[in-house]
Amino acid sequence: GRVSRDECRAWWARRGRATPPPLNAASYTMVAFFLNYDERRAGVLDDEGFAGLYQGLLDAGYQLAGPEALLAEMGGTSFRDFA
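Residues numbered from 1 in each chain as written. Predicted model: local features only at pLDDT ≥ 70, side-chain atom pairs only at ≥ 80, totals over all residues. Heavy atoms only, no water.

A look at the layout of surface pockets
Remark: the empty space left among the atoms is shown by a probe the size of a water molecule rolled over them.
Stage number 1. Estimates place the volume of the largest pocket at around 320 Å³.
Stage number 2. Elements that contribute at least two residues to the lining of the largest pocket include exactly α2 (25-35) and α4 (67-74).
Stage number 3. For the lining of the largest pocket, the element with the most residues is α2, which contributes 4 residues.
Stage number 4. When grouped by side-chain class, the residues that make up the lining of the largest pocket number 10 nonpolar, 1 polar and 1 charged.
Stage number 5. Lining the second largest pocket, in full, are R5, C8, R9, W12, A13, R17, T19, P20, P21 and P22.
Stage number 6. In terms of residue class, the lining of the second largest pocket is made up of 6 nonpolar, 1 polar and 3 charged. (1 Å grid on protein atoms, 1.4 Å probe; cavity = no way out; pocket = protein on both sides within 12 Å on 5 of 7 lines; lining within 4 Å. Points joined across faces, edges and corners; volume = space filled by probe spheres on them. Helix = DSSP H or I, 4+ residues; strand = E, 2+ residues; numbered from the N terminus. Nonpolar A, V, L, I, M, F, W, Y, C, P; charged D, E, K, R; others polar.)

Here it is in structure tokens:
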């Protein structure tokens, strides 16, 4: 199922949590960049998605040793690992 934005905000408020601030431009860009390679929107990249992410970082000018080194630095292929 899906949860609407309003339902999520109400759930969050019932638990007494403060509303997180909106993403700044750099964070939004990072989310959008990752989602370009997460076709299933699972929050985790498959092999093809990770290869695309790696190439995208190279194309954007990042100096990377190799895919294995990036994976080791990230610790995994989830968005949480990427961020």
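Resuming the write-up.
Observations regarding the side chain of S78
Stage number 1. Tracing the backbone shows S78 in the loop between α4 and α5 (79-82).
Stage number 2. In terms of polar contacts, S78 uses its side chain to reach the side chain of D81, at 3.0 Å.
Stage number 3. Contact partners of S78, with chain neighbours within four places excluded, come to F34, G43 and V44. (Polar contact = N/O pair within 3.5 Å; in protein donor to acceptor, adjacent residues only side chain to side chain. Contact = heavy atoms within 4.5 Å.)

Considerations on the packing of helix α3 (residues 47-59) against α4
Geometry of a packed helix pair, given as the angle between the helix axes and the separation of the axes.
Stage number 1. Viewed as axis vectors pointing N to C, α3 and α4 meet at an angle of 100°, and their least axial separation amounts to 11 Å. Put simply, α3 runs roughly perpendicular to α4. From α3, F50, L53, Y54 and L57 reach across to α4, where they touch P67, L70, L71 and M74.
Stage number 2. Its residues placed into classes, the contact of α3 with α4 shows 8 nonpolar, no polar and no charged. (Axes fitted to C-alpha atoms, helices over the stretch in contact; angles between N-to-C directions. Parallel < 35°, antiparallel > 145°, perpendicular 65-115°, else oblique.)

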